[in-house]
Amino acid sequence: MLDLSRLTPAALTTHPFSWAQIDKLYSVEDGAALAASFPHDHFKTVSGYGGEKNYDYEARALVGMGTGTIVFPEALSEAWLRLAQDLGSAAYREAMSHLSGIDLRSVPMEVNVFHYGPGASLGAHPDLPDKLVTHILYFNESWDRNDGGCLNILQRNDPSAVVAEIEPLVGNSAILVRSDNSWHAVTPVVNGCHCSRRSLTATFYRPGSVSSLWPPGDSAELHGYLRA
């Protein structure tokens, strides 16, 4: 499913921090199958305002933290099962280690799926210190930049200091190597947008970390997500 040959150190840039924009991760046929069968089950609402960053979106677990186990596999299409298997594979870890220059072969890792509906956003922030590398993959067949929902790579803690903007189109992805200045944000999805912004993140953590999205004892109610 994943074309791991696309994950090469040559893709990495160091301005304004270590990151990469990588496209054409799947064949046209596989990309279409992933976009058409994007999960709509077992999501929870994640939101917070007034702290270090503002955020509001829907999240679903795909590969459990540190386990490699596919979560709710019975609800996934064949294409999504194949993608989850690829993301949990030793070959993917090896490719990401080679690209980032960080040994990710045995560190804890999780994969989560996200829906961003109208009004959803993710404010400017560097990732938490317990994160090493995050790979963000996108699944919209089409997208209008005017609807928001783009990943912005930022020069500093300033939403207007945009170095690069990445649309959430299927096959596109971004890799972020965490640092104190790895500022990025997701622009708010405008009210009236007729399609949710669709993505997943594969996140590699420092040894001993726990999931920030699914902490131990989390009892959030899960629900379907029905937006087109």
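Conventions used here
Residues numbered from 1 in each chain as written. Predicted model: local features only at pLDDT ≥ 70, side-chain atom pairs only at ≥ 80, totals over all residues. Heavy atoms only, no water. UniProt positions renumbered as here; feature names shortened; annotations may be inferred. Buried < 20%, exposed > 50% of the residue type's maximum accessible area, 1.4 Å probe, protein only. Helix = DSSP H or I, 4+ residues; strand = E, 2+ residues; numbered from the N terminus. Pairing = 2+ DSSP bridges. Lys, Arg positive; Asp, Glu negative; His and termini not counted. Salt bridge = Lys/Arg side-chain N within 4 Å of Asp/Glu carboxyl O. Polar contact = N/O pair within 3.5 Å; in protein donor to acceptor, adjacent residues only side chain to side chain. Contact = heavy atoms within 4.5 Å. Core = buried A, V, L, I, M, F, W, Y, C linked by side-chain atoms within 4.5 Å.

Going by what an unreviewed UniProt entry lists, the protein is known as 2OG-Fe(II) oxygenase and is assigned to Pseudomonas lactucae. Check the Cofactor (unreviewed entry) section of the UniProt entry for the protein; it says "L-ascorbate".

Visitor: If you had to explain the pairing of strand β3 (residues 55–63) to someone new, which residues and values would you point to?
Guide: By the criterion of burial, β3 is predominantly enclosed, with 7 of the 9 residues buried. Taken together, the 5 bridges between strand β2 (residues 44–48) and β3 define a ladder with antiparallel strand orientation. Bridge pairing links G48 to Y55 in β3. Direction of pairing for β3 relative to strand β5 (residues 121–125): antiparallel, over a ladder of 2 bridges.

Visitor: Can you tell me about the UniProt feature "domain: Fe2OG dioxygenase" (unreviewed entry) in the protein, naming the residues and giving the values?
Guide: UniProt feature "domain: Fe2OG dioxygenase" (unreviewed entry): in the numbering of this structure it lies at residues 105–207. Annotated as residues 105–207, this span is 0% helix and 46% strand, and its ends, taken at the C-alpha atoms, are 11 Å apart.

Visitor: Talk me through the side chain of D127; I want residue IDs and the actual numbers.
Guide: Looking at the secondary structure, you find D127 in the loop between β5 and β6 (131–138). Here D127 is buried and forms no salt bridge, its nearest opposite-charge partner K131 lying at an N-O distance of 4.4 Å. Separated by 3.5 Å, the side chains of D127 and H125 make a polar contact. Here H184 takes part through its side chain, which lies 3.5 Å from a polar atom of the side chain of D127. Here D127 is in contact with T134, L176, R178, S182 and H184, once residues within four sequence places are set aside.

Visitor: Requested: an account of the environment of L62, with residues and values cited.
Guide: Following the sequence through the fold, L62 ends up in strand β3. Each C-alpha atom, one on L62 and one on L83, is 9.9 Å from the other, the two residues being 21 residues apart in sequence.

Visitor: If you had to explain the nonpolar core to someone new, which residues and values would you point to?
Guide: In this structure, W80, L83 and L200 are the most contacted members of the largest nonpolar core, which totals 38 residues. Mapped onto this core, the elements with two or more residues apiece are β1 (19–22), β3, α2 (78–87), α3 (90–100), β4 (109–116), β6, β9 (173–177) and β11 (197–205). The element that contributes the greatest number of residues to this core is α2, accounting for 5 residues. In this view, L200 contacts L62, W80, L83, L87, V111, N112, V113, F114, H135, I136, L137 and F139; residues no more than four positions away in its chain are not counted. Among the nonpolar cores identified, the runner-up in size contains 23 residues, and I136, I166, V186 and C193 belong to it.

Visitor: Report on the pattern of salt bridges, specifying residues and quantitative values.
Guide: Under the criterion given, the structure shown has 9 salt bridges. When the shortest N-O distance is used, the salt bridge between E165 and R145 registers 2.3 Å. Of this pair, E165 sits in strand β8 (residues 162–166) while R145 sits in the loop between β6 and β7 (151–154), and the two are 20 residues apart along the sequence. E165 gets classed as partly exposed once you look at its relative accessible area, which sits at 32%. Note on R145: relative accessible area 40%, which makes it partly exposed. Because the salt bridges share partners, they merge into one network encompassing R145, E165 and E167.

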